[in-house]
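The chain contents come next:
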Amino acid sequence: MTTIPKLRKETKSIKVHGHELHDDYAWIKQDNWQEVLKNPAKLNTEVQNYLYQENDFVKQSLKDKEQLSETIFQELKNKIKDKDSSVPIKDGEYSYFTEYAEAAEYPCFKRNGPNNRIETIFDAQQRAEGKTFFNLASVTHSHDHRFMAYNVDTNGSENYLLSVEHLDNKKILTKDIPNTTGEIIWDTDNKHIYYIRLDHNHRPNRIYKHLVGQDHKLDELIFEEKDPAFFCSVSLSQSKEYLLIRTGDHQTSEYYIQNIKDKTSKLKSFFPKTTRHEYEIDHGEGYFYILTNTDNCNNFKIMRCADNKVDKKNWEDFVEYKSDIFIINFIILKNWLVYLQRHDGVNQIIIQNLNNNNSHQIQFTEEAYDLNLLNQYEFNTDWIRFSFSSPITPKSIFDYNCVSKERILKKIQEIPSGFNSDLYTCKRFLCPGHDGVTIPLTVIHKKNIELNGSHPLLLYGYGSYGITIPDSFSTNRFSLIDRGFIYAIAHIRGGREKGQDWYENGKLLKKKNTFFDFISCAEFLCEKKYTSPKKIIAQGGSAGGLLMGYIANERPDLFLGIIAQVPFVDICNTMLDEDLPLTVTEIPEWGDLKNNEEAFHYIRSYSPYDNVKQQDYPHMLITGGITDPRVTYWEMTKWAAKIRDYKTNDNLLLLKMNMDAGHSGASGRYDYLKEVALDYIFCLKITDQK
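For clarity, every value in this text was computed on a predicted model and none was experimentally measured.

S.K.: Just give me the short version of the pairing of strand β20 (residues 301-306), but keep the residues and values in it.
M.R.: Every other side chain in a regular strand lies on the same face of the sheet, so the side chains alternate between the two faces. Relative to β20, strand β19 (residues 287-292) runs antiparallel, the two sharing six bridges. Paired with Tyr287 across the strands is Ala306, a residue of β20. Where β20 meets strand β21 (residues 316-319), three bridges bridge the pair, whose relative direction is antiparallel. Looking at the pairing, Met303 lines up with Asp317 of β21.

Shown next as structure tokens:
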């Protein structure tokens, strides 16, 4: 019989607002945790051995499903086109694209240049050789196409090494600038790049200008964000005339601008931080365009001002505010404003002519779908690119001419093992919530199944940070659907599926609406006979793992199983630890536990780790990444150990820690599928499916 791992207890208590928080496992977080994230070999030997025991326990507990795991992995792999390439993106005389070789985990970056000559500019598969983890955040070329900058993370800690190479002779000009983020911006002089460094607490707060080939220790610091609650990023305007520096948290933003064509220009604030004022900007043909929630425009509008008159008094409405339409983002071209909006939970693309202000919408007919504007290099063009898919329609990429309205299909996602959308059905419901709201709910299953409550169902949810869970296509989920599962996505509060209010009503002192919405969706699916209580497996990751923790504590009667991926479950201890990378900037999302007693008691009332109780728990699969800087390894480890102490039944409780990766799991396109296969054999084991 396999021995269930047991973590040693060493109780630590802290007092917050007169309340004692007891933690039997706080000791597993080391004082040098930053070093551990960069080098897991520095992890306490006792904890390291314990995590290996947990991983072995997973393996032994699922040993009877080993062959099925391999079968599902091959299924998932066979749904991916092995030798594949992206649609080239045009930039002057060159077009840039990626290509996967046969059996490759990582892509090869290529370009097609003058005389139709195709050349490799970066072979990620070759450079990843011998590494257990390899992640590229950026591979970006200079505007004159002579140089390439890239950054690499080889352990999942999101600390990237930045380098620059000459594309003609492959000579490394700048090598391994440490502790950078994923953003690299080329100056139009093709001699300098801009990049961001992380501080000692892994916060992106300093932007540097680097002369290619020069010692990075001589790099010029051009911007530093002093407030630990604000993270910064850097970009170049679509017009390539302005450097744009953004700093912000979850509810406030500020931009700094610099005309990089004018060597006398200095960096200046576009509009200073104002609490709860969010705005995004871009530039084209003498104007700045501003996506903003000013003037109580909660769902955002687009304003405009001349680039030499950026004072707010000069901002004028350009796309008027409509309370029932949420504007997501926009692209500025020489003659066009293209923006993505959401109406009744469905994305729409609007094209507006900047010369005459005429506008039109690109039309689609499906009931539930995912639609996105794709990035492009060129500014003086009438063409845009977008992607379209639905839960039962593979992804398509289109080029669209804003003048002629011609739509050209550039690529359809190929599924080598075959896919017939006619075998499936997808429905969108508005599920009644506990307080009278209606919650969008997407349901996918095989056609002609009898809805009698007998089917196992996987219900996915997230509900935080205003992130919308798209109704997009995924080949993976059909390995469950084809085995009789129903798959559902709950578009719960905390996201922006129904606009900004949908987000605002699922955060801070309204956070429990996220959890209640998910439960309402589960109960609705039972009422409609899609499934029944104790036949539902819930899945969520990161902040969605917080959701999983809540329902595990409060509604174990409803769920058969729970998959909690890199779950944010130790919210009280994490939000009280201001040294952690995200804590201070997360306060507008969750609340200020340290300084606000009401926020503390509210969060304490739902914190999964603090509310584990003596009761039967659903079957649980909990996953983590040892180098994860976002949800650190000790959170899910402590939580799993505590549930083991309290649970009163023999249901499976599995903790799988990836000892070679971080927040996003395995980096290779096929290695990642092994993690998906683990989730699925867990589902099939607890539902006794094959």
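There is more to say after this.
S.K.: So what's going on with the layout of surface pockets? Residues and values would help.
M.R.: There is about 370 Å³ of room inside the second largest pocket. Together, 18 residues line the second largest pocket, and Lys12, Ile14, Ala26, Asn573 and Asp577 are the ones closest to its centre. Among the secondary structure elements, those contributing two or more residues to the lining of the second largest pocket are β1 (12-16), β2 (19-23), α9 (571-575) and α12 (633-646). With four residues, β1 is the single largest residue contributor to the lining of the second largest pocket. Along the lines of polarity and charge, the residues of the lining of the second largest pocket split into seven nonpolar, four polar and seven charged.

S.K.: Would you mind going over the nonpolar core in detail, with residue names and values included?
M.R.: Residues Leu441, Leu459, Phe518, Ile551 and Trp590 are the most contacted members of the largest nonpolar core, which totals 119 residues. If one sorts the elements of this core by residue count, helix α13 (residues 671-686) sits on top with ten residues. Excluding residues that lie within four positions of it along the chain, Ile551 makes contacts with Phe518, Ile519, Ala538, Pro556, Phe559 and Ile562. Grouped together as the second largest cluster of nonpolar side chains are 19 residues, Leu340, Ile349, Leu371 and Phe388 included.

S.K.: Which residues make up unusual backbone geometry, and what values go with them?
M.R.: Unusually for a residue other than glycine, Asn116 sits at a positive phi of about 60 degrees. With respect to the element layout, Asn116 can be found in the loop between β5 (108-112) and β6 (118-123).

S.K.: A description of the pairing of strand β29 (residues 407-412) should follow, citing residues and the corresponding values.
M.R.: The sheet contact formed by strand β28 (residues 393-401) and β29 spans five bridges and is antiparallel. Residue pairing for β29: Ile397 is matched across the bridge by Lys411. Joining the antiparallel neighbours β28 and β29 is a turn of five residues, in which Lys405 adopts a positive phi near 65 degrees.

S.K.: Can you lay out the sheet that holds strand β26 (residues 370-373) for me, pointing to particular residues and giving the numbers?
M.R.: The strands that make up a sheet are held in pairs by hydrogen bonds between backbone atoms, and each pair lies either parallel or antiparallel. Spatially, four strands are ordered β26-β27-β28-β29 in an open sheet, and the strand pairing comes out antiparallel. One side of each edge strand has no neighbouring strand; the edge strands of this open sheet are β26 and β29. This sheet shows a mean twist of 25 degrees between the axes of neighbouring strands, independent of strand direction. Examined bridge by bridge, strand β27 (residues 383-390) and β28 share seven bridges and lie antiparallel to one another. Within β28, the position partnered with Ser387 by the bridge is Ile397.

S.K.: Lay out the sheet that holds strand β14 (residues 231-236) in plain terms, naming residues and giving numbers.
M.R.: One open sheet accounts for four strands, arranged β14-β15-β16-β17; its pairing is antiparallel. Both outer strands of the open sheet, β14 and β17 (268-271), are each paired with one neighbouring strand and no more. Each adjacent strand pair in this sheet contributes to an overall mean axis angle of 30 degrees, direction not counted. Across seven bridges, strand β15 (residues 242-248) lies against strand β16 (residues 253-259) in antiparallel orientation. Bridging across to β16, Tyr242 finds its partner in Asn259.

Criteria and cut-off values
- Residues numbered from 1 in each chain as written.
- Predicted model: local features only at pLDDT ≥ 70, side-chain atom pairs only at ≥ 80, totals over all residues.
- Heavy atoms only, no water.
- Pairing = 2+ DSSP bridges.
- Helix = DSSP H or I, 4+ residues; strand = E, 2+ residues; numbered from the N terminus.
- 1 Å grid on protein atoms, 1.4 Å probe; cavity = no way out; pocket = protein on both sides within 12 Å on 5 of 7 lines; lining within 4 Å.
- Points joined across faces, edges and corners; volume = space filled by probe spheres on them.
- Nonpolar A, V, L, I, M, F, W, Y, C, P; charged D, E, K, R; others polar.
- Core = buried A, V, L, I, M, F, W, Y, C linked by side-chain atoms within 4.5 Å.
- Buried < 20%, exposed > 50% of the residue type's maximum accessible area, 1.4 Å probe, protein only.
- Contact = heavy atoms within 4.5 Å.
- Axes fitted to C-alpha atoms, helices over the stretch in contact; angles between N-to-C directions.

Purely spatial values, then, with no claim about function.
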